[in-house]
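The lines below spell out each chain.
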Amino acid sequence: MKVFSMFCICVIIVLVTRDSNAFTRNDFPEDFLFGAATSAYQWEGAVDEDGRTPSVWDIFSHSDGDIACDGYHKYKEDVKLMAEMGLEAFRFSISWSRLIPNGRGPINPKGLLFYKNLIKELRSHGIEPHVTLYHYDLPQVLEDEYGGWINRKIIEDFTAFADVCFREFGEDVKLWTTVNEANIFAIGAYSEGFLPPGHCSTNKFVNCSTGNSSTEPYLAGHNILLAHASASKLYRLKYKSKQRGSIGLSIYAYGLFPYTNSKEDEIATQRAKDFFFGWLLKPLVFGEYPDEMKRILGSRLPVFSEEESEVVKGSSDFIGIIHYTSVYIANITPAPSTLPSNQEFFTDMGVDTIFIGNSSFFEWDPIPWGFEGVLEYLKQSYNNPPIYILENGLPTKHDLTLQDTARVEYIQSYIGAMLNAIKNGSDTRGYFVWSVIDLYELLAGYRLSYGLYYVNFSDPSLKRSPKLSASWYTGFLNGTIHVAPQDITQLQSHFPDSSSL
């Protein structure tokens, strides 16, 4: 009870400064949404309960997420925590294999009831549900049957899955994301092999049992766009006029900046933006792939028919952006060789990515100006699309401390950068912290966590405890925190120390 009581004290503390750069929740548009996020496999657990069948993630992670946070059984407790924090929205994903265990065909009544109850619980607490249809968890039965996202059969099956979700949940869900960070999914799952189903051409870092890194990521990306467009078309024709929701696709967006002021690095940076952003965004906005990708990839890049191009173009009501850090880009000049080149996404792109400052793959410095640069680039290059920031947060060692000052500094600096972008004309409409509670993380297991709430994974009851960041976010959302650097010090002085773990 000590942690909870101190949390309540923090919530009601009024932290006001005279800093001219301070900002509050009220500086954002009235209809702007602030929330936090999870995904089904990382939060729900209960992988073999009530009719759920394995997904590719279950097989890939070797059951590490079998229990996760047990959100399947503890969702009411978690929604209560969200309400106490003042969350305006909650982003979660629907487990395809929980809702439709065979991938297509009969609906699982218990799976359907779980999601209906979750959405009802959110609504009853005034929290807007934002639903992601696909977060890396294809039913394994479809992967076994025809190879999943590298087969065009996925388009029909994904659209049928989406149809069930729209029909069953659409009266209460107004924000839909079809596929989570589609670019990183295609790269990680089909070029580098570090995401399920783990396809790649075997290299010195990864030994994949199957895959072709030179073609499969682009084939998967193509089918993702067509499946998204098909689901979007269905929604607009069948549901939108009554349900009045919006549907979008999300991508992972690094901040990308030239390593030097050389012409070569400037060109390489634009090439990286074409590969990371333009690969999926240019078809969505303009109906075709970037010219630079066409030139480099040739016949390895699939081609849209005229009809497909028209369906894909304009199929997203918004773009979901997942952003964590920024990197420098340096040009790579291929060395002369008589051996065949190792063709995969990163060698095709032909750049070297260099972390900024003390950042690394799993740790990064706050680089809010990089985030602001992403939003400015999207505004200028893609007709200023409506944007939701679907993930942003900072990983720390899981059992380190409840006093996660670094996370507070990170979140507030990125929210400030986002506000600057909005003031400069970016049509950004929402922001979701990753994650609302500590989760099972695909690439780091339970070693690193992003949560606003600590989860004790050694406790059979998986006790949740608020971190400093939860208290800060609460104060920001209820308007009692005017964001300025000294706020963190003041808030920290009222918070229990690391011994509370």
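Residues numbered from 1 in each chain as written. Predicted model: local features only at pLDDT ≥ 70, side-chain atom pairs only at ≥ 80, totals over all residues. Heavy atoms only, no water.

### Here's the deal with the pattern of salt bridges
Right, on to step 1. Under the defined criterion, the tally for this structure stands at 23 salt bridges.
Right, on to step 2. For Glu 128, the salt bridge is made with Arg 123, and the minimal N-O distance between the two is 3.3 Å.
Right, on to step 3. Using a relative accessible area of 17% as the deciding quantity, one classes Glu 128 as buried.
Right, on to step 4. The exposure class of Arg 123 is partly exposed, given its relative accessible area of 31%.
Right, on to step 5. One salt bridge in this structure joins Asp 348 and Arg 300, with 3.0 Å as the shortest N-O distance. One end of the pair, Asp 348, is in helix α15 (residues 345–349); the other, Arg 300, is in the loop between α13 (291–297) and α14 (306–312), and 48 residues separate them in sequence. For the residue pair Asp 348 and Arg 300, the accessibility class agrees, reading buried in each case.
Right, on to step 6. A single salt-bridge network, built from bridges that share partners, covers Arg 104, Glu 145 and Asp 157. (Salt bridge = Lys/Arg side-chain N within 4 Å of Asp/Glu carboxyl O. Buried < 20%, exposed > 50% of the residue type's maximum accessible area, 1.4 Å probe, protein only. Helix = DSSP H or I, 4+ residues; strand = E, 2+ residues; numbered from the N terminus.)

### Some thoughts on the state of the cysteines
Right, on to step 1. Using the criterion set out here, one finds one disulfide in the structure.
Right, on to step 2. Sulfur-sulfur distance for the disulfide between Cys 200 and Cys 208 comes to 1.9 Å. Here the S-S torsion is close to 100°, and the disulfide linking Cys 200 with Cys 208 is therefore right-handed. Per residue, the accessibility class of Cys 200 equals that of Cys 208, and both read buried. (Disulfide = S-S within 2.5 Å.)

### Looking at the confidence of the model for the protein
Right, on to step 1. Mean pLDDT over the protein stands at 89; residues scoring 70 or higher make up 90%.
Right, on to step 2. Of the regions scoring below 50 in pLDDT, residues 485–499 engages in 36 contacts with residues more than four places distant in sequence or in other chains. (pLDDT = per-residue confidence, 0-100. Contact = heavy atoms within 4.5 Å.)

### Digging into helix α18 (residues 468–477)
Right, on to step 1. A large share of α18 lies buried, amounting to ten of its ten residues.
Right, on to step 2. Restricting attention to buried positions, one finds in α18 the residues Leu 468, Ser 469, Ala 470, Ser 471, Trp 472, Tyr 473, Thr 474, Gly 475, Phe 476 and Leu 477.
Right, on to step 3. Looking one or two residues past α18, Gly 479 carries a phi angle of roughly 85°, positive in sign.

### Notes on the nonpolar core
Right, on to step 1. Core analysis: the largest hydrophobic core is formed by 156 residues, its most contacted members being Trp 149, Ile 415, Met 418 and Tyr 473.
Right, on to step 2. Setting aside residues up to four positions removed in sequence, Met 418 forms contacts with Phe 28, Phe 32, Phe 34, Phe 371, Leu 375, Ile 389, Thr 428, Gly 430 and Tyr 431. (Core = buried A, V, L, I, M, F, W, Y, C linked by side-chain atoms within 4.5 Å.)

### Here's the deal with the packing of helix α4 (residues 71–85) against helix α6 (residues 109–124)
Right, on to step 1. Across the interface, α4 lies against α6 with an axial gap of 10 Å and an inter-helix angle of 10°. Comparing the axis directions of α4 and α6 gives the class roughly parallel. Each of Gly 71, Tyr 72, Tyr 75, Lys 76, Val 79 and Met 82 in α4 lies in contact with α6, whose residues at this interface are Lys 110, Phe 114, Asn 117, Leu 118, Glu 121 and Leu 122.
Right, on to step 2. Across the contact of α4 with α6, the residue classes tally to seven nonpolar, two polar and three charged. (Axes fitted to C-alpha atoms, helices over the stretch in contact; angles between N-to-C directions. Parallel < 35°, antiparallel > 145°, perpendicular 65-115°, else oblique. Nonpolar A, V, L, I, M, F, W, Y, C, P; charged D, E, K, R; others polar.)

### Remarks on the side chain of Thr 132
Right, on to step 1. Relative to the helices and strands, Thr 132 resides in strand β3 (residues 128–134).
Right, on to step 2. Of note is the side chain of Thr 132, whose polar atom sits 3.1 Å from the side chain of Arg 91.
Right, on to step 3. When sequence neighbours within four positions are dropped, the list of residues in contact with Thr 132 reads Arg 91, Phe 92, Ser 93, Ile 94, Thr 177 and Asn 180. (Polar contact = N/O pair within 3.5 Å; in protein donor to acceptor, adjacent residues only side chain to side chain.)

### Overview of the sheet that holds strand β5 (residues 246–252)
Right, on to step 1. Strand order in this closed barrel of eight strands is β1-β2-β3-β4-β5-β7-β10-β12, and the pairing throughout is parallel. The average undirected angle you get between the axes of adjacent strands in this sheet is 25°.
Right, on to step 2. Two elements, strand β1 (residues 33–37) and strand β2 (residues 89–93), share three bridges in a ladder whose sense is parallel. Each bridged residue has a counterpart across the sheet, and for Ala 37 the counterpart in β2 is Arg 91.
Right, on to step 3. Here helix α12 (residues 263–286) sits on the sheet and contacts β5 and β7 (318–322); the angle it forms with β5, its principal contact strand, is near 160°.
Right, on to step 4. Across the sheet, helix α16 (residues 368–381) lies against β7, β10 (387–391) and β12 (428–434), angled at about 145° from β10, the strand it touches most. (Pairing = 2+ DSSP bridges.)

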